[in-house]
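Read off the chains here:
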Amino acid sequence: MCTSLTLQSENQHVLLGRTMDFPVRAKWHPTLINSTSYQTALSGTRKLIYPYVGGGRHVGNTHILIADGVNTAGLSCAELMFPIKAHYLKKAVSGKLNLTPQDFLPWVLGEHISIAEVIADLDRIALIGKNWLAGNEVFAFHWILADQTGRTLIVEPTINGVEVIADSIGVLTNSPTYPEHMKRFQQRLAVSPTISALKQKAHQIVLTQRVPAATNTPTSRFLEAAIIKLGSATLPNQFAARNRLFNILNAVAIPYQPTMNDHPNFNYTYYISILDTSNQTYFFTYHDSNQVFSFSLPELLDHYPKTNQFLA
């Protein structure tokens, strides 16, 4: 269970924020990916053109699974669970760059500078439902991207193929699909499905403090995040935008309880991250701490040349 959304400040900082909701067995860390290459499960080793910083964890002894990140070009991406709805090809496709779901985010961030480049490159890949480099699970993912232009992209692998939503409101949770989320959102607000109508109704709800509180369901978290995003005034700078993102994400987070240790598949919010595409800064806070770590990607590259590194 995860929630993600984008915000843009009046001084043109574009931010992507997310909660990482995962079973208690996971150990996530802010992570720098700055090696000269990266390995895929089905297409060998590829050159890492654009280093990035994000949230990662070890899978097996050596492989690092990345859940979100922002690269040196200011392109950001986050993967969220997409159960039941995710659909992948069963076999590798000749003439395509074959990627497992876990390979998609490293391919996006490691080889592209913008959403426009990713869109132009999507026809070249095939998403294959095979195991990754480590672990025995094919993850059901969909992805949200943002870049320095303020553009947002959602990519969903469904039974109809890889669907690309280029005109989203910049909010994503888990299943159902983004179009199904938006249909429920419009029906709940009881207005026409135009952005202006949705913003006007969301603004009324925010002003009257009637924002419905999220539960653990993806649809309720989408509803709360979308209402606050669309119904709130724009913010003057990246500092105010970052604070709003933290407030929204904290509101939809799943609190940790010690009793969850007895249920290894019980989801809770392990961390919250915010990715500033404009200055390539990564903000990260653990569930059990009020400390917010801040990592400047340009500075990290100087400190850790040509290497991958857990940062906290």
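Rules of the game
- Residues numbered from 1 in each chain as written.
- Predicted model: local features only at pLDDT ≥ 70, side-chain atom pairs only at ≥ 80, totals over all residues.
- Heavy atoms only, no water.
- Buried < 20%, exposed > 50% of the residue type's maximum accessible area, 1.4 Å probe, protein only.
- Helix = DSSP H or I, 4+ residues; strand = E, 2+ residues; numbered from the N terminus.
- Pairing = 2+ DSSP bridges.
- Axes fitted to C-alpha atoms, helices over the stretch in contact; angles between N-to-C directions.
- Contact = heavy atoms within 4.5 Å.
- Core = buried A, V, L, I, M, F, W, Y, C linked by side-chain atoms within 4.5 Å.

S.K.: Honestly, the pairing of strand β8 (residues 76-81) in this entry has me stumped. Any pointers?
M.R.: Within a regular strand, the side chains alternate between the two sheet faces. Most of β8 is tucked away: 6 of the 6 residues are buried. Here β8 shows two buried faces, one formed by S76, A78 and L80 and the other by C77, E79 and M81. Looking at chain direction, strand β7 (residues 63-71) and β8 are connected through 3 bridges and run antiparallel. Bridge assignment links G69 to a residue of β8, and that residue is C77. Between β7 and the antiparallel strand that follows it, β8, lie 4 residues; G74 among them carries a positive phi value of about 85 degrees. Note that β8 and strand β11 (residues 141-146) share 6 bridges and pair antiparallel.

S.K.: I tried to follow the sheet that holds strand β3 (residues 29-33) on my own but got confused; where do I start?
M.R.: What holds strands together in a sheet is hydrogen bonding between their backbones, with the strands either parallel or antiparallel. The strand order across the open sheet built from 8 strands is β13-β12-β11-β8-β7-β6-β3-β18, with neighbouring strands paired in antiparallel fashion. A strand with exactly one partner marks an edge of an open sheet, and here the two such strands are β13 (161-165) and β18 (308-310). Strand-to-strand twist across the sheet, computed as the mean angle between neighbouring axes with direction ignored, equals 30 degrees.

S.K.: Is there a simple way to explain the environment of V206 in this structure?
M.R.: Within the secondary structure layout, V206 lies in helix α4 (residues 195-207). Considered as a pair, V206 and L230 are 24 residues apart in the sequence and their alpha carbons are 9.3 Å apart. Among residues more than four places away in sequence, those in contact with V206 are V211, I227, I228, G231 and S232.

S.K.: Would you mind showing me how to read the nonpolar core here?
M.R.: Where a protein is soluble and globular, its nonpolar side chains tend to be buried together. L145 and F185 are the most contacted members of the largest nonpolar core, which totals 89 residues. A total of 7 residues in this core trace back to one element, the largest contributor, which is helix α5 (residues 218-231). Discounting residues that sit within four places of it in the chain, L145 has contacts with L75, S76, C77, V108, I115, V118, R151, T152, L153 and V155.

S.K.: What am I meant to see in the environment of P193 here?
M.R.: Assignment of secondary structure puts P193 in the loop between α3 (178-189) and α4. The exposure class of P193 is exposed, given its relative accessible area of 63%. Separated by 11 residues in sequence, P193 and M182 place their C-alpha atoms 8.4 Å apart. Ignoring anything within four residues of it in the chain, the contact list for P193 reads Q186 and L198.

S.K.: Explain unusual backbone geometry here, please?
M.R.: Excluding glycine, residues mostly have negative phi values, and the peptide bonds linking residues are mostly trans. Residue S175 is joined to P176 through a cis peptide bond whose omega torsion reads 15 degrees. Secondary-structure assignment places P176 in the loop between β14 (171-172) and α3. Phi is positive for Q209, close to 55 degrees, though the residue is something other than glycine. In this structure, Q209 sits in the loop between α4 and α5. The exposure class of Q209 is exposed, given its relative accessible area of 74%. Here Q280, not a glycine, exhibits a phi torsion of approximately 55 degrees, which is positive.

Such coordinate-based values are descriptive only and should not be taken to indicate function.
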